[in-house]
Amino acid sequence: MLWWPAARRQLIAKLRRVAMFSGPCSVRPMALKFLGIWPNTPDDGSPTIWLEEETGDLIIQSWKADEETLRQAQEAGSVPGHSTDVPEHETVIRLPANMLQFIPRPDSEVNGGNSGT
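Structural notes, computed from the coordinates. (Residues numbered from 1 in each chain as written. Predicted model: local features only at pLDDT ≥ 70, side-chain atom pairs only at ≥ 80, totals over all residues. Heavy atoms only, no water.)

### Considerations on the overall build of the protein chain
Item 1. A count of helices and strands for the protein chain gives 2 helices and 5 strands.
Item 2. By residue count, 19% of the 117 residues in the protein chain fall in the buried class.
Item 3. Sequence separation of 24 or more characterises 49% of the internal contacts of the protein chain that already satisfy a separation of 6 or more.
Item 4. Here the protein chain has roughly 9,100 Å² of accessible surface; of this, 54% comes from carbon and sulfur atoms. (Helix = DSSP H or I, 4+ residues; strand = E, 2+ residues; numbered from the N terminus. Buried < 20%, exposed > 50% of the residue type's maximum accessible area, 1.4 Å probe, protein only. Contact = heavy atoms within 4.5 Å. Areas by Shrake-Rupley, 256 points an atom, 1.4 Å probe, with all protein chains shown as cover.)

Written as structure tokens, this is what we have:
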């Protein structure tokens with residue numbers, strides 16, 4: 001992959017911001033692997049996905065969900081008994097469908113996640 005100097009500096013700046021994440025998983029510096037960026041991306045502000053290889057966590061930069069999307073997510077609900085309020089240390093993002101190609105999946109995966117069923 002050819003990295004132009006400006007693009008390389010922007011990626012390094014993004015990785016530094018991600019490494020400084022102040023959430024509950026930030027007890028140590030993260031070693032991230034770049035997985036993908038919005039196809040035909042402009043120079044900045046594009047959805048990007050990294051993998052924290054030690055834990056398997058995904059680090060995602062994407063668009064903030066608007067108020068209507070957040071309201072719809074709260075109405076759709078979650079697992080029974082779980083609040084749909086978004087805690088101060090979390091956020092809801094909108095990940096474009098074409099970014100799903102960059103999310104790693106085990107070969108044997110049929111269904112993943114906690115759907116509450």
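Picking up where we left off.
### Remarks on the pattern of salt bridges
Item 1. In the structure shown here, the tally under the stated rule is 2 salt bridges.
Item 2. With its nearest N and O atoms 2.3 Å apart, the salt bridge here joins Glu68 to Arg71. Linking Glu68 with Arg71, this pair stays in helix α2 (residues 67-76), spanning 3 residues, or about one helical turn.
Item 3. Judged by its relative accessible area of 35%, Arg71 falls in the partly exposed class.
Item 4. Of the charged contacts in the structure, one is a salt bridge between Glu75 and Arg71, with a shortest N-O distance of 2.3 Å. Placement of the pair is Glu75 and Arg71 together in helix α2, with a separation of 4 residues, close to one helical turn. (Salt bridge = Lys/Arg side-chain N within 4 Å of Asp/Glu carboxyl O.)

### Some points on the sheet that holds strand β1 (residues 32-37)
Neighbouring strands of a sheet are bound in pairs by backbone hydrogen bonds; such pairs are parallel or else antiparallel.
Item 1. Across the sheet, 3 strands lie side by side as β1-β2-β3; this open sheet has antiparallel pairing. Since the sheet does not close on itself, it has two edges, and those belong to β1 and β3 (57-61), each with one partner. Averaged over all neighbouring strand pairs, the angle between strand axes comes to 25°, with direction disregarded.
Item 2. Here β1 runs beside strand β2 (residues 48-52); their pairing, made up of 5 bridges, is antiparallel. Directly across from Gly36, in β2, lies its bridge partner Ile49. (Pairing = 2+ DSSP bridges. Axes fitted to C-alpha atoms, helices over the stretch in contact; angles between N-to-C directions.)

### Here we look at the environment of Leu51
Item 1. One can find Leu51 in strand β2.
Item 2. A residue is classified by how much of its surface remains accessible, and Leu51, at 15% relative accessible area, is buried.
Item 3. As a C-alpha pair, Leu51 and Leu32 span 19 residues in sequence and 5.5 Å in three-dimensional space.
Item 4. If near-sequence neighbours (up to four positions away) are discounted, Leu51 is found in contact with Ala31, Leu32, Lys33, Leu35, Gly56, Asp57 and Leu58.

The values reported here are purely geometric and, on their own, carry no functional implication.
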